[in-house]
Amino acid sequence: DVKVTQSSRYLVKRTGEKVFLECVQDMDHENMFWYRQDPGLGLRLIYFSYDVKMKEKGDIPEGYSVSREKKERFSLILESASTNQTSMYLCASSPRSSVGTEAFFGQGTRLTVV
Amino acid sequence: QKEVEQNSGPLSVPEGAIASLNCTYSDRGSQSFFWYRQYSGKSPELIMFIYSNGDKEDGRFTAQLNKASQYVSLLIRDSQPSDSATYLCALSGGYQKVTFGTGTKLQVIP
């Protein structure tokens with residue numbers, strides 16, 4: 001079974017803190033993604049990576065950065081957390097394909113910024 | 001215009017009926033189309049994918065793709081209360097990015 005593991009299920013942080021969300025996948029997938037999910041807005045892509053040390057901005061990258069030093073690990077960084085970053089964060093991975101493939105999701109991290 | 005459009009619902013159908021979920025998209029370069037199911041408080045899980053125009057059937061589920069009309073749909077036959085969830089339409093292309101719609105909430109009434 002494909003496994004995508006996010007480091008925390010629930011997280012509470014203070015405004016202004018630097019926050020790290022970690023994601024690890026065990027299927028040797030080239031692609032990894034970070035989404036946030038908010039009611040009424042669906043899944044919105046923050047950043048994705050198609051290879052080690054490579055990253056691409058998604059639809060809402062402002063206030064976030066990412067790091068991919070190893071193929072299996074993709075980290076999302078909130079440089080200075082704000083209350084509008086309170087959300088469910090979902091990590092996903094997929095194999096590289098010329099036509100696109102299924103994304104496998106982690107269990108999600110519910111982040112609350114107070 | 002959003003890349004992937006779905007009616008947010010809720011779509012209510014009686015148990016045993018056919019549920020029809022629809023999705024339109026704007027990027028004609030999209031090559032792969034997916035339907036994910038998401039139960040409340042859980043992560044999305046893939047239930048169907050389709051690459052070619054026409055119908056693809058898997059058990060009670062049928063995905064339909066019409067690239068000319070930029071339209072993809074999911075039919076659920078003999079709907080069960082356990083099918084009650086949010087259904088997310090997604091698409092992808094050679095650029096690796098996966099884009100999701102906002103989802104349609106389905107309620108199957110016993």
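Residues numbered from 1 in each chain as written. Chains lettered and ligands numbered in written order. Predicted model: local features only at pLDDT ≥ 70, side-chain atom pairs only at ≥ 80, totals over all residues. Heavy atoms only, no water.

Chemist: Mind laying out the overall build of chain A, listing which residues take part and the relevant values?
Modeler: Helix and strand counts for chain A come out as 0 helices and 11 strands. Along its sequence from the N terminus, chain A presents helices and strands in the succession β-β-β-β-β-β-β-β-β-β-β. For chain A, whose C-alpha radius of gyration is 13 Å, the value lies close to the compact-globule estimate of 13 Å for 114 residues. Across its three principal axes, chain A shows a C-alpha extent of roughly 40 × 30 × 25 Å. For chain A, the proportion of its 114 residues judged to be buried stands at 49%. Restricting to contacts in chain A with at least 6 residues of sequence separation, those with at least 24 account for 55%. Per element, the accessible surface of chain A, about 5400 Å² overall, is 50% carbon and sulfur. Computing the positive centroid from 16 side-chain charges and the negative centroid from 15, chain A places the two 5 Å apart. (Helix = DSSP H or I, 4+ residues; strand = E, 2+ residues; numbered from the N terminus. Rg over C-alpha atoms; globule rule 2.2 N^0.38 Å. Buried < 20%, exposed > 50% of the residue type's maximum accessible area, 1.4 Å probe, protein only. Contact = heavy atoms within 4.5 Å. Areas by Shrake-Rupley, 256 points an atom, 1.4 Å probe, with all protein chains shown as cover. Lys, Arg positive; Asp, Glu negative; His and termini not counted. Charge placed at Lys NZ, Arg CZ, Asp CG, Glu CD.)

Chemist: Summarise the pairing of strand β7 (residues 64-70) of chain A; cite the residues concerned and give the values.
Modeler: Residues and elements named next belong to chain A. Where β7 meets strand β8 (residues 73-78), 5 bridges bridge the pair, whose relative direction is antiparallel. The partner of Ser 67 across the bridge, within β8, is Ser 75. Taking the residues that link successive antiparallel strands as the turn, the β7-β8 hairpin has 2 residues. (Pairing = 2+ DSSP bridges.)

Chemist: Help me get a handle on the interface of chain B and chain A, residues and values and all.
Modeler: Listed as interface residues are 22 residues of chain B and, on the opposing side, 26 residues of chain A. Carbon and sulfur atoms make up 51% of the surface buried where chain B meets chain A, a total of about 1700 Å² over both sides. Together, B:Gln96, B:Lys97 and B:Phe100 form the three largest contributors to the area buried by chain B at its contact with chain A, with a combined 31%. Where chain B packs against chain A, one counts 0 salt bridges. Linking chain B to chain A there are 6 residue pairs in polar contact (both at pLDDT 80 or more). Only β4 (32-38), β9 (85-92) and β10 (98-100) of chain B provide two or more residues apiece to the side of chain B that touches chain A. Considering each element in turn, the side of chain B that touches chain A owes the most residues, 4 residues, to β4(B). (Buried area = accessible area lost by both parts, 1.4 Å probe. Salt bridge = Lys/Arg side-chain N within 4 Å of Asp/Glu carboxyl O. Polar contact = N/O pair within 3.5 Å; in protein donor to acceptor, adjacent residues only side chain to side chain.)

Chemist: A description of the environment of A:Gln6 should follow, citing residues and the corresponding values.
Modeler: All names here are of chain A. Structurally, Gln 6 can be placed in strand β1 (residues 4-6). Given the relative accessible area of 2%, Gln 6 is considered buried. Between the alpha carbons of Gln 6 and Glu 102 there is a distance of 18 Å; along the sequence they are 96 residues apart. For Gln 6, the residues in contact, after removing those within four places along its chain, are Glu 22, Cys 23, Trp 34, Tyr 89, Leu 90, Cys 91, Gly 106, Gln 107, Gly 108 and Thr 109. Of the polar contacts made by the side chain of Gln 6, one reaches the backbone oxygen of Tyr 89; its length is 3.0 Å. A polar contact is formed between the side chain of Gln 6 and the backbone nitrogen of Cys 91, at a distance of 3.0 Å.

Chemist: Lay out the environment of B:Thr86 in plain terms, naming residues and giving numbers.
Modeler: Residue and element names in this part refer to chain B. Structurally, Thr 86 can be placed in strand β9. We classify Thr 86 as partly exposed; its relative accessible area is 23%. Taking the C-alpha atoms as reference points, Thr 86 and Tyr 39, 47 residues apart in sequence, are found 6.4 Å from one another. Excluding its chain neighbours within four sequence positions, the residues that come into contact with Thr 86 are Tyr 36, Arg 37, Gln 38, Gly 103, Thr 104 and Lys 105.

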